[in-house]
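Survey of secondary and tertiary structure
The chain contents come next:
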Number of protein chains: 2
Amino acid sequence: MNDSVQQKNKCKIIVDAMGGDYAPHNAVEGAILAAEANTNIDLYLAGQKESILQVLKEKNLQFDVNKIIHSSQVIEMGDAAATSLKTKPDSSIVVGCQYVKDKKADAFVSAGNTGAMMTASTLIMGRIPGVGRPTIGAEFPSTRGFCYLYDVGAGKDAKPQHLYEYAVMGVIYAKEMHGINNPSVGLLSMGEEESKGNEVTLATHKLLKNSELNFIGNVEGRDILNGPADVIICDGFVGNIILKFGESVPKLLKHLLQQTAKQSLIDKLKIGLSKGVLKKSLKSMDYQEHGGVPLLGVNGISIIGHGSSSSIAIKNMVFKAYQMFEHQLVNKIEKSLKNNLIK
Amino acid sequence: MNDSVQQKNKCKIIVDAMGGDYAPHNAVEGAILAAEANTNIDLYLAGQKESILQVLKEKNLQFDVNKIIHSSQVIEMGDAAATSLKTKPDSSIVVGCQYVKDKKADAFVSAGNTGAMMTASTLIMGRIPGVGRPTIGAEFPSTRGFCYLYDVGAGKDAKPQHLYEYAVMGVIYAKEMHGINNPSVGLLSMGEEESKGNEVTLATHKLLKNSELNFIGNVEGRDILNGPADVIICDGFVGNIILKFGESVPKLLKHLLQQTAKQSLIDKLKIGLSKGVLKKSLKSMDYQEHGGVPLLGVNGISIIGHGSSSSIAIKNMVFKAYQMFEHQLVNKIEKSLKNNLIK
């Protein structure tokens, strides 16, 4: 990376060229698509230089080779997160996070090993002062539009203070990135009454109730897809299970429709006819479309994508990183937690 | 109840005539439908005698009035579970559970206040020796047929031993009631690896691994609708949230289809055409169809139905109670836990 180049107002984004099942092809292509679409993005590619050059050649893509940050190692999808950081210090994930840590880049984007990305971002970039635990959210389609669930897997056995921090970060994200005014916050539990929930939920309820957040109380499982909260808070263990459950719904639907089709020719015809419409309607349940999620709470911008990310998904991840930069998400989270929104 | 009548081989089932949003009509009608269909059922109705007699008259139903167990009080749907047992000792729920406790009936079935039913069944019938906590399961449609999730709300903050007991009870239920040979058991977690999960899950994994159950290891959220386990175990807090999330999916689908229909007339026509097929396919996601769930682990048969149960649902609940009686579920659970399946 050419440090002498001063591009003050631009957002320096590093894309992990080696990240994802279809790397380096999709990663390189998606990254360049994003930079071409938004000239405020100062794009860098981290990874094995030779592989990147080959993709550029194959796909006939224009890219300044000085902006390739060569890293000799690759963290594979199956590598154990914690150990891979030690055994592969010259991997694109470690190098990318280090650049953000050193303020040589504003954001790092990767569709590589999720665990390694979370660990590297947290350990190398560090946490925003005031954040006990970073968090990853998921966007669920809902009858009101969308609902944002935190945490979906960055942590487990979260303490009430962690859940409170998730709420603060989730609210800032919803406000800044989605333009939601005064986002409402629900606490995921077994019943709407304040007295319903497990021990951690009961304690968290009190924290949220005494905060300056727009807390609307406990919400139930059904309220994710069809409820009053913009942001819903839960432990990462619960959120991860719900996210994966939700992702599997379209597959079950397909199966159920096939079973129905088997029983009657007319039904089969009807299902065949409506296939396209169904697909179109279910599009918002396809998490692939959303283009990666940020790890909120780390001291920098870290966007983690699905392993099977298409180049379009990579492009959207880069846009997301840019948007977070523009809205100064990291600063705003620090300020909100420092000012201690709790009354 | 006429105690002098000896009907040794029959199954004495009490149906809560006052239970459910459409009580006493649906409860009385559904109960009588069941008894008419299965003459091995010795049916009793618990509730306010006058109300029951009126329904019998209105609907022109034949029923031996000596089999009405009069109870003067009614636990309403909104009543607090614990206090209502004390303030309403002559309610149908308390009286029904007491009959089972006193061996004057084999089973009690109610679509009334779920919390009150769980509390009354647990406190009055008592727990099967060896059971630390009763559990309620849910049947999820899956690409393999069905998957049974325990616990979906009877407990929260469950200890590993409780989760192990849920597994034993769930396996016996799947085997006896659904004829599944050597049911496979999965532990719901954040990843398939043994090392993935929260503290309770990690400890439970060890218990299950060392048991004689057909334990296949951790499963993920996606495996409920599309995985290898017949029985999946989780804490009631998690299970309750997933159950309600799952129940809300059809509503979201309807909304998404409506949104698509708004955008194009052709799509609207296609959706209109396939409406019936969709409904048919989604039928297995309609939990109403399943006719109530047993509270496993209490020392007797207790079937709890949805408040909005139809008379068909009530009928199915009675059949379920009968089937549990026939398969001697309570004895089998006691025996399995006494023999300590853990190696």
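Just above, that's the structure.
In short, a report on the structure.

Definitions and limits used
- Residues numbered from 1 in each chain as written.
- Chains lettered and ligands numbered in written order.
- Predicted model: local features only at pLDDT ≥ 70, side-chain atom pairs only at ≥ 80, totals over all residues.
- Heavy atoms only, no water.
- Axes fitted to C-alpha atoms, helices over the stretch in contact; angles between N-to-C directions.
- Helix = DSSP H or I, 4+ residues; strand = E, 2+ residues; numbered from the N terminus.
- Left-handed = near helix turned anticlockwise from the far one by under 90°.
- Contact = heavy atoms within 4.5 Å.
- Buried area = accessible area lost by both parts, 1.4 Å probe.
- Salt bridge = Lys/Arg side-chain N within 4 Å of Asp/Glu carboxyl O.
- Polar contact = N/O pair within 3.5 Å; in protein donor to acceptor, adjacent residues only side chain to side chain.
- Nonpolar A, V, L, I, M, F, W, Y, C, P; charged D, E, K, R; others polar.
- Pairing = 2+ DSSP bridges.

1. Digging into the packing of helix α9 (residues 236-263) of chain A against helix α9 (residues 236-263) of chain B
Running from amino to carboxyl end, α9(A) crosses α9(B) at an angle of 35°, the nearest separation of the two axes being 10 Å. The interaxial crossing formed by α9(A) with α9(B) has right-handed handedness. Contact with α9(A), carried on its side by A:Phe237, A:Val238, A:Ile241, A:Ile242, A:Phe245, A:Gly246, A:Val249 and A:Leu253, involves B:Phe237, B:Val238, B:Ile241, B:Ile242, B:Phe245, B:Gly246, B:Val249 and B:Leu253 of α9(B) and no other residues of that element.

2. A short note on the interface of chain B and chain A
Contacts between the two partners involve 52 residues from chain B, matched on the other side by 52 residues from chain A. Both sides of the chain B and chain A interface together cover about 4,800 Å² of buried area, and 72% of this is carbon and sulfur. If you sort the residues of chain B by the area they bury against chain A, B:Met190, B:Phe237 and B:Phe245 come out on top, with a joint share of 16%. One salt bridge connects A:Lys280 with B:Asp267, and the closest N-O pair in it is separated by 2.6 Å. At the junction of chain B with chain A, the criterion picks out twelve residue pairs in polar contact (both at pLDDT 80 or more). Elements supplying a minimum of two residues to the side of chain B that touches chain A: β5 (135-142), α7 (199-209), α8 (223-226), α9 and α10 (265-281) of chain B. No other element matches α9(B), which puts 19 residues into the side of chain B that touches chain A. Looking at the side of chain B that touches chain A, its residues break down into 22 nonpolar, 19 polar and eleven charged.

3. Topic: the sheet that holds strand β6 (residues 145-150) of chain B
Judged by pairing direction, the sheet is mixed, and its eleven strands sit side by side in the order β3-β2-β1-β4-β11-β10-β5-β6-β9-β7-β8 (chain B) without closing on themselves. Each edge of the open sheet is held by one strand with a lone partner, namely β3 (68-70) and β8 (214-219) of chain B. Direction aside, neighbouring strands of the sheet carry axes that sit 30° apart on average. Direction of pairing for strand β1 (residues 11-16) of chain B relative to strand β2 (residues 41-47) of chain B: parallel, over a ladder of six bridges. Paired with B:Ile14 across the bridge in β2(B) is B:Tyr44. This element, α9(A), spans β5 and β7 (184-188) of chain B of the sheet and lies at about 40° to β5(B). Of the strands in this sheet, β2 and β3 of chain B are in contact with helix α2 (residues 49-58) of chain B, which crosses β3(B) at around 150°.

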